[in-house]
Each structure stands twice: as structure tokens, then as C-alpha cells.
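Residue strings, one per chain:
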Amino acid sequence: MKMKSTNKTLLLTSFLIVSLAYTYAHIADLKWLMYWSKPFLMPILGLYYVSIAKKIDYRYIVALCFAFIGDLLFLSEKEFLFVLGMSSFLIFVLMNMIIISKKAGEIKLDIFYLAILPFILISIAVISVFFGDVGLMKLLFIIYGSVLGLYGAFSLYWYLKERSKWVLLNLLGSLLFFAAAIAKGLKEVEGPNDSYKILNMTFYILAMILITQSYANHTTSDQKKI
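All of the points below concern the structure found in this document.

Criteria and thresholds
- Residues numbered from 1 in each chain as written.
- Predicted model: local features only at pLDDT ≥ 70, side-chain atom pairs only at ≥ 80, totals over all residues.
- Heavy atoms only, no water.
- Helix = DSSP H or I, 4+ residues; strand = E, 2+ residues; numbered from the N terminus.
- Contact = heavy atoms within 4.5 Å.
- Buried < 20%, exposed > 50% of the residue type's maximum accessible area, 1.4 Å probe, protein only.
- Polar contact = N/O pair within 3.5 Å; in protein donor to acceptor, adjacent residues only side chain to side chain.
- Axes fitted to C-alpha atoms, helices over the stretch in contact; angles between N-to-C directions.
- Parallel < 35°, antiparallel > 145°, perpendicular 65-115°, else oblique.
- Nonpolar A, V, L, I, M, F, W, Y, C, P; charged D, E, K, R; others polar.
- Patch = residues over 30% accessible without salt bridge, like charges linked within 9 Å, V, L, I, M, F, W, Y side chains within 5 Å.
- Areas by Shrake-Rupley, 256 points an atom, 1.4 Å probe, with all protein chains shown as cover.
- Salt bridge = Lys/Arg side-chain N within 4 Å of Asp/Glu carboxyl O.
- Left-handed = near helix turned anticlockwise from the far one by under 90°.
- Core = buried A, V, L, I, M, F, W, Y, C linked by side-chain atoms within 4.5 Å.

Take the overall build of the protein chain next. Looking only at helices and strands, the protein chain features 9 helices and 0 strands. Excluding contacts between residues fewer than 6 apart, the proportion of contacts in the protein chain whose partners are at least 24 apart in sequence is 75%.

Time to look at the side chain of Asp71. Tracing the backbone through its elements, the reader meets Asp71 in helix α4 (residues 58-74). A relative accessible area of 1% means that Asp71 is categorised as buried. Separated by 3.1 Å, the side chains of Asp71 and Tyr204 make a polar contact. When near neighbours in sequence (up to four residues on either side) are disregarded, Asp71 contacts Lys38, Leu41, Met42, Phe89 and Tyr204.

The next thing to look at is the packing of α4 against helix α9 (residues 194-217). What describes two packed helices is the angle between their axes and the distance between those same axes. In contact at an axis separation of 12 Å, α4 and α9 are set at 170 degrees when each is read in the N-to-C sense. In terms of orientation, α4 and α9 fall into the roughly antiparallel class. On α9, the residues that touch Tyr60, Leu64, Ala67 and Asp71 of α4 are Tyr204, Met208, Ile211, Thr212 and Tyr215. The class makeup of the residues in the contact of α4 with α9 is 7 nonpolar, 1 polar and 1 charged.

Here the focus is the environment of Ile44. Relative to the helices and strands, Ile44 is located in helix α3 (residues 41-52). For Ile44, a relative accessible area of 13% puts it in the buried group. The spatial distance from the C-alpha of Ile44 to the C-alpha of Leu16 is 9.8 Å, given a sequence separation of 28 residues. Leaving out residues up to four positions away in the same chain, Ile44 has contacts with Leu11, Ser14, Phe15 and Val18.

Quick look at a nonpolar patch on the surface now. Among the surface-exposed residues, Trp32, Tyr35, Trp36 and Phe40 lie close enough to one another that they form a single nonpolar patch of about 550 Å² accessible area. Mapped onto the elements, Trp36 comes out in helix α2 (residues 31-37).

Here the focus is the packing of helix α5 (residues 79-104) against α9. One way to put it is that α5 packs onto α9 with a least axis distance of 13 Å and a crossing angle of 30 degrees. It follows that α5 is roughly parallel to α9 by the angle criterion. As for the relative orientation of α5 and α9, their crossing is left-handed in sense. For the pair formed by α5 and α9, the contact residues are Phe89, Phe92, Asn96, Ile99, Ile100 and Lys103 on the first element and Tyr204, Met208, Ile211 and Tyr215 on the second. Its residues assigned to classes, the contact of α5 with α9 comprises 8 nonpolar, 1 polar and 1 charged.

Once that is clear, we can look at the nonpolar core. By size, the foremost hydrophobic cluster in this structure holds 65 residues, and its most contacted members are Met42, Tyr60, Phe92, Phe177, Tyr204 and Met208. Leave out the neighbours within four places in its chain, and Phe92 touches Tyr60, Ala63, Leu64, Phe66, Ala67, Phe177 and Met208.

As C-alpha cells, this is what we get:
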């Protein structure tokens, strides 16, 4: 038991150290450190998830694989690979929505509509204010923002239905993932900016930890009826 606890701590610590190393490399523009650090993020997180999960959901393992591919593609500065990277993260998000829908059970449309409304408004506001004139990339931001808004709505619906601490962690994680995507988009549109780099990685890392903790610890016995 003590050995298992040590492994959990070691994996989480390793994930945080690698995250800090990549963030520093990104800010200092140390390409070699970026290439040697970022590819380890999702594999370490996957091992951490397996080490703490009450019951392993292999759909989340698949989702992390697409996040891993997205991380690798984002290392390139080519626009085509950036688009592919966003596509990989879209699949990651879609996989998360599938997981949440399975955990939440029957979707009550009246409550789901209430959950999706704030995310529609936020997505429209963010795209209009920050990404209103970026050419063809605007279409990609609209698609990505819409899917992220839907992801947030699923997370909020799940919390409104169950109201457990593990579901709350997932909701917070999805909101941070949304914030990370905004910071990433601003960095791409406005050019290199250390503040956006730090915000993007900070939000992204915290989001992935919270989402992983939520899925690993949530059980059907936590469910509560609305």
C-alpha cells in the first residue's frame, strides 16, 4: 500500500516538474528542452490516472492519446500542423463528452438547455472580441469554441445532476481547459507573448490534473438525483 502511494506521488511530482520544464523552455525559447519535455506530459498523466483510478475507463486513456498527439503537433510552428493539433484536441474533448454523458446517465433537455446557455454566450463574446478578424482561422476558432462550449455544458449538467466533489473537479477542469484554449488562441493571433504562454500552460496543466482526478475517483455510488 505504501509503495502504491509512493508511485502516485512520484508520478504526480514528475508530471508537475515536466510541466514546469516545458513552460520555462517555451518562455525562454529553448527548442531542445521543449521537444524533450512536452512529449512526456500525457504518458506520465496516463500512468498517474491508472495508478489512482478506482476503475480504469479506457475511453479516457484513448482521449489522453489524442491529447498526446495534439501536444506533439503543437510543437511545430507550421499552420497545417497547428490545425491538425487542434483537431486532435477536438477529439480529446469529444471523448470527454462521451465519458460524461455515460456517467451522467439520461440527459434531461430542459436542464441541459440551461447549462449550455452561458457557454454559448461566453463563446460568442470571446470569438467576437478576441478573434473577430483572423481570416480563415476564424472558422476554426468558431468550430473549436463551439465544441468547447458544448463540453462545458456537459460538465455543468453533470454537476447540476450529481453535485459531488469529484464532479465539481471535472467542471472546474473543463472551465480551465476552456481558459487554456483562449490563451492559446490569443498567443497564436497576437504573436509570442510570455503572459499568454504562462496562462495557457498553467490552465492546461491544472485542467488535466482536475479532470484526471475526477474520472479516477468518481463512482456510480456518488450519483444523486436532481
